[in-house]
Amino acid sequence: MKKFANLVLQYRFPLLAGIILLTIFFGYQLTKLKIDADILNYLPQDDPVVVQFREIGEKFGGNSLAIIAMETQDVFNPRTLARIDTITSELQTFPEINQVLSVTDILDIKKIPDGIEVGKLIPQGDIPQDPNELNNLREYALSKDMYRGNLVSADGRIALIVARISEDASKTEVAEKMKTIVKSTEGDETVYYAGIPFQMVFLTDIITGDLARLVPFVALLVLLVLYLSFHSLRGVFLPFGTVLISTIWTLGVMSLLGFDLTIASAAIPVLLIAVGSAYGIHLISRYRENSKLELTNRDCVIESTASIALPIIMAGLTTLAGFLAFSISYLTMIKEFGVFSSVGIFLTMILSLLLIPVLLSLLPARKQRLNTKGRHVTWVSRVMDLMADQIVAREKLILAGGILLLIAAVIAVPRLHREVNMVEYFKHDSEIRRAEDMMEARFGGSIPVQILVKGDIKDPLVLKQMYSLEKYLRTLPDVNNPQSVADLIAELNEQMNGRHTIPDTRNKVANLWVFIDGNKVMDQLVADNDTLALIQAKIGTVKSHKVIAVVDSINQYLAIAVPDELFRVQMTGLTDSLRTQVQSHRLAQVAKMIVFDAKHYGLGGLDSNQVVSVLRTVESPQVQHFTSEQINVINREIAAYFQSDAADLVIDSEPVVEKVLSALKLLYKNSMPRETDVESVLRQHVPQFMYADDPEAIDYAAPALTSLIVERRQQAIVNNLTDKILEFPVDIPATEYTNLRRDIHGDLWILVQNYTGLPGNQATFRNISTLPVDSGVTLTSLQAGMPIIFKNLDANILKSQVFSLAVAYILVFILLSFRFRSLTGGLISLAPITATILFNFILMAILDIPLDAVTVLIGSVAIGIGIDYTIHFLTRFQKEFQGDKSPQEALHTTLHTSGRAILINAASVMMGFLVLVFGNIVPMQRFGYLIAVTMVISALGAITLLPALIMVTKARFVGDFDRVAKRFRYRLNGLKTIRGRGVSR
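Residues numbered from 1 in each chain as written. Predicted model: local features only at pLDDT ≥ 70, side-chain atom pairs only at ≥ 80, totals over all residues. Heavy atoms only, no water.

Re the overall build of the chain
Along its length, the chain carries 34 helices and 13 strands. Projecting the C-alpha coordinates of the chain onto the three principal axes gives extents of approximately 140 × 65 × 45 Å. Partitioning the intrachain contacts of the chain with sequence separation of at least 6 by distance along the chain shows that 79% fall at a separation of at least 24. As displayed, the chain offers around 40600 Å² of accessible surface, 57% of which is attributable to carbon and sulfur atoms. Taking the average place of the 92 positive charges on the side chains of the chain and the average place of its 96 negative ones, the gap between the two points comes to 20 Å. (Helix = DSSP H or I, 4+ residues; strand = E, 2+ residues; numbered from the N terminus. Contact = heavy atoms within 4.5 Å. Areas by Shrake-Rupley, 256 points an atom, 1.4 Å probe, with all protein chains shown as cover. Lys, Arg positive; Asp, Glu negative; His and termini not counted. Charge placed at Lys NZ, Arg CZ, Asp CG, Glu CD.)

Shown next as structure tokens:
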């Protein structure tokens, strides 16, 4: 290493010039460095769930929802509605925004006398001014599931404006422009900004602000620690200048290679300033030690550099190993953090061995302040003397403490939990966190749950599966407001036909679909020529274990309850035996949906078996029976039909009508009439002269009347069953009771429809060839959205923790075994850092700190940085012990020299990382104080646990204990010391 030191000084001026030029070059690159706050970019872009999430965004107009919330006493006032309308209109002009939804621009489906009307809840630019109109609008909007809890809070105090941003747009730029639009409008409403785009904006601001505050702060603290440790300007500015230059180089390299700062890599400047000073500290410490010798300044620099270069290189390599272990991480941002931290550490190590010797050689030598015994006197020296004596006297007690720490870790580690939700990164009192908490409390959250359905979306069998799946989603804790095109069809069917369910034929669906076809809301519901559909919901929690439970529940339901093949079966074409079997299947499906509905409205006690027992009465006289009022209603409708100008068969004779009504009543009173029976009644009781001009009138009238009678009879059956189901105790608010009755009524309508669907496996089991199958349909359903991404992230965080620690341990073990030429030496060297990691896990368990995308770094960082203390201690102790000193003397000297530098180093690193506590990203705060603690523990472990372990085991890799014991007349079975200043016996 002396040759290396000589070369450095020989070319010191070219080296100095090169360093200055490179610093200027990389400093210029910093002007191009950007911040990437897009959470999706932190994930591996080839992960199937990430690819799928982005593809869904491209097909359905974007996954990124930027949400503006307006809160006031009552949003249904002209001023607030006008402000919402203005903002909505402005946002709709943005080419990067595919869709904007608000109460002033949202689809509305209303029943009108002649049918239904599909329009807007509030036509743009037509804000009601009359108090009565506003009150009616408020009551109407809050009565509809489509708006309540989706665009307006249940109490009417908060209204949302939801913008769907294109996948290829810059989310942060669009979100910033949206904030500008909102601020340009007048109003005293409280405004919230929620959703991933606004999270990105706030995250960018936080990273920028933290860098501006924390980097100068950590620099001042490190400077203070260095000054208190060395009491000289060179002891302060040489180590600090080195890390400052290496930090500029590292960030410059990032910018040059096109990498942006993330929430993890934003900590690199703090890390390098805190950690990188270690190499300079040890070199300056060795230089100060050698300055006591009768050497010229040049020789002192060469001797110091030559003697400390190998430990510095080894420390640098082990630190690189710790950080490079992150290259196997699932998260892209962690990989980048590991790679560029390694680059920074490497540059700091190289610059410490080049720049500091060059500058020391240009400065005059500094005299040491010595006491009468020739020793450099500081409070650190006194502490080290006392510590050396205590270690030798209580070596076994120290090891016992290490064993107790291991036992405590075994107890504490199982209590650790993981957390991956990015919302947890923000402080509870931060603007974005308040917005997300509001969204969770009032609107069921802002994190999207998505289920992609592939198939013929216009087929009623597919729509029914989607609708049933939505009912299941509503029963899951923390899942809110599921919506899809199936909801719109059910809503249209209710307004048109009085039943909130999916029709059973394709023609009926098509008749409803035409009302919404081409509406912009359909762009986020169906795609690819109506072969793809999206069920969207929101999850109202940021707790990872709850999110994962939801993901697992949905996946299990999709695997078990949603078939991939369905067969359409016509009930009227079945034999009695087959009809009973198919109806049993249909009963079970309807019962399941009713239980889902009951659970959604808080009636969890309703049992599926109870419901099935009620449904089995569908064929009983009590259920089939028409009441007198129902009979009168259907008679009036039939009579009106005969007297209508649009009737296929006009009967203007009241006696004839009465005869027909009496005959028909016998048909439909106790059973479902057939078309042939109705036709027979008409031919029997309607005089021929009444249809002589149109002989086919009865042929046309019979199907129309049959359809009317069948529908009214079906309605009677469903109403009667609904009443029987709701005989169970129901204690919910009136509005919810109305909705519950509507939903159950819609479920029960399925029982009387003529067409039903059977799963492919069920149809095969019943011998499909015997069934009148009209057609079959295939569909696939799979879960997407952020929750499943969070689940992947959670699973990979644990893997990352295990594998990164394993890789770091293995690499460090190999390096240390090579350095000390001993496998035992490699194992013993890992003891202090193992104790440190165990202590860290115990502390996390006690403080209930989760493993997340940032705290998972701590273990490998602790290995990479903390192992430096072990290397410096062992290198010096080995040198002193092999230089004919007793173990106590070697320990005293090591602690006075390397031990002192270790404490200075640990204090510098600790203070540096503690600065992160003053940042605004919660996991980085935890990362800061946990790393600070691990630095203290690893330093203490290196100067206490490590020497105690060496003394007890008499590890031969540090020297020949037998030879030393014989020379100093120590007993072979151990070392005994007298308390006080080291006199050995």
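Still to come is the rest of the account.
Things to note about the pairing of strand S5 (residues 158–165)
For S5, a buried count of eight out of eight residues is recorded, marking the element as mostly surrounded by other parts of the structure. Across the two faces of S5 the burial is the same, with Ile-158, Leu-160, Val-162 and Arg-164 and Ala-159, Ile-161, Ala-163 and Ile-165 all buried. Two strands pair when backbone bridges link them, and strand S1 (residues 64–71) and S5 are joined in this way by eight bridges, in the antiparallel orientation. Bridge assignment links Leu-65 to a residue of S5, and that residue is Arg-164. (Buried < 20%, exposed > 50% of the residue type's maximum accessible area, 1.4 Å probe, protein only. Pairing = 2+ DSSP bridges.)

Here's the deal with the pattern of salt bridges
Across all of its chains, the model carries 35 salt bridges by this definition. Put simply, Arg-674 and Asp-677 hold a salt bridge, and the shortest N to O gap is 3.2 Å. You can call Arg-674 exposed: its relative accessible area is 54%. (Salt bridge = Lys/Arg side-chain N within 4 Å of Asp/Glu carboxyl O.)

Remarks on the sheet that holds strand S2 (residues 97–101)
Ordered in space as S2-S5-S1-S6, the four strands form an open sheet in which the pairing is antiparallel. Each edge of the sheet is formed by a strand with only one pairing partner; in this case those strands are S2 and strand S6 (190–194). Between one strand axis and the next, the sheet turns by 15° as a mean value, whatever way the strands run. On the sheet, helix H6 (residues 171–184) packs against S1, S2, S5 and S6 and is oriented at approximately 20° with respect to S1. (Axes fitted to C-alpha atoms, helices over the stretch in contact; angles between N-to-C directions.)

Details of the confidence of the model for the chain
The share of residues in the chain with pLDDT of 70 or more is 92%, and the mean pLDDT across the chain is 83. Taking the mean pLDDT of every element in the chain, the minimum, 59, falls on helix H21 (residues 621–624) and the maximum, 94, on helix H15 (residues 460–475). Note that residues 370–376 has pLDDT below 50 and, in this model, 14 contacts with residues that lie over four places away or in other chains. (pLDDT = per-residue confidence, 0-100.)

A word on the packing of aromatic side chains
One pair of aromatic rings is described through two measures. These are the centre distance and the angle between the planes. Under the criterion given, the structure shown has twelve aromatic pairs. With centroids separated by 5.9 Å and ring planes inclined at 80°, the aromatic side chains of Phe-913 and Phe-927 adopt a geometry described as edge-to-face. Residue Phe-913 is located in helix H32 (residues 887–914), and its partner Phe-927 is located in helix H33 (residues 922–953); the two are separated by 14 residues in the primary sequence. Look at Phe-913 and you get buried, because its relative accessible area is 1%. Three or more aromatic residues joined by ring pairs make a cluster, and in this case those are Phe-25, Phe-26 and Trp-249. (Phe/Tyr/Trp six-rings, centres within 6.5 Å; stacked < 30°, edge-to-face > 60°.)

Section: the environment of Ala-486
Residue placement: Ala-486 occurs in helix H16 (residues 485–497). Sequence separation of Ala-486 and Val-413 is 73 residues, and the distance between their C-alpha atoms is 47 Å. Ignoring anything within four residues of it in the chain, the contact list for Ala-486 reads Leu-463, Met-466, Tyr-467, Glu-470 and Ile-502.

Let's talk about helix H3 (residues 48–59)
Helix length check: H3, at twelve residues, gives a terminal C-alpha distance of 16 Å against a target of 16 Å (1.5 Å per residue), a fit within 8%. Residues Val-49, Val-50, Gln-52, Phe-53, Arg-54, Ile-56 and Gly-57 constitute the buried set of H3. By the N-cap criterion, in which a side-chain oxygen at the helix start approaches the backbone nitrogen of a residue two or three places on, H3 is capped by Asp-47, the distance to Val-49 being 3.0 Å. Positive phi shows up at Gly-61, right after H3, with a value of about 85°. (Expected span 1.5 Å × (residues − 1). Polar contact = N/O pair within 3.5 Å; in protein donor to acceptor, adjacent residues only side chain to side chain.)

Side note on a negative patch on the surface
Taken together, the side chains of Asp-648, Asp-693, Asp-694 and Glu-696 present a region of like negative charge at the surface. Tracing the sequence through the fold places Asp-694 in the loop between helix H24 (675–685) and helix H25 (697–725). (Patch = residues over 30% accessible without salt bridge, like charges linked within 9 Å, V, L, I, M, F, W, Y side chains within 5 Å.)

Some remarks on helix H17 (residues 506–513)
Of all the positions in H17, only Val-509, Leu-512 and Trp-513 are classed as buried. The arc enclosing the buried residues of H17, seen along the axis, measures out at 100°, which places them on a common side. Turned more than 90 degrees from where H17 packs its buried face, Asn-507 and Asn-511 sit exposed. (Arc of directions from axis to C-beta.)

Thoughts on the side chain of Arg-568
As for its position among the elements, Arg-568 is in strand S11 (residues 565–570). The buried category is assigned to Arg-568, whose relative accessible area is 9%.

Observations regarding a nonpolar patch on the surface
On the surface, a cluster of nonpolar side chains totalling about 370 Å² of accessible area is made up of Phe-25, Leu-256, Leu-257 and Phe-259. Turning to its location among the elements, Phe-259 is positioned in the loop between helix H8 (233–256) and helix H9 (268–290).

Topic: the packing of helix H22 (residues 628–642) against helix H23 (residues 654–668)
Helix packing for two helices is described by the angle between their axes and how far apart those axes are. Interaxial distance between H22 and H23 falls to 11 Å at its minimum, and their mutual angle equals 135°. One element, H22, and the other, H23, form an angle in the oblique class. Regarding H22 and H23, the two cross each other, and that crossing is right-handed. Residues Ile-631, Ile-634, Asn-635, Ile-638, Ala-639 and Phe-642 of H22 touch H23, and the partners they reach there are Val-657, Val-660, Leu-661, Leu-664, Lys-665 and Tyr-668. Classifying every residue of the contact of H22 with H23 gives ten nonpolar, one polar and one charged. (Parallel < 35°, antiparallel > 145°, perpendicular 65-115°, else oblique. Left-handed = near helix turned anticlockwise from the far one by under 90°. Nonpolar A, V, L, I, M, F, W, Y, C, P; charged D, E, K, R; others polar.)

A few points about the side chain of Thr-870
Within the element layout of this structure, Thr-870 appears in helix H31 (residues 858–881). Look at Thr-870 and you get buried, because its relative accessible area is 1%.

A closer look at the pairing of strand S4 (residues 115–120)
Pairing geometry for strand S3 (residues 107–112) and S4, over six bridges, is antiparallel. Across the sheet, residue Lys-111 finds its bridge partner in S4, namely Ile-116. Where S3 folds back on S4, the antiparallel hairpin that results is connected by two residues.

Brief notes about the environment of Gly-455
In this structure, Gly-455 sits in strand S7 (residues 447–455). In this structure the C-alpha to C-alpha distance between Gly-455 and Thr-778, which are 323 residues apart in sequence, comes to 6.1 Å. Dropping the residues within four chain positions of it, Gly-455 is found in contact with Asp-530, Thr-531, Leu-532 and Thr-778.

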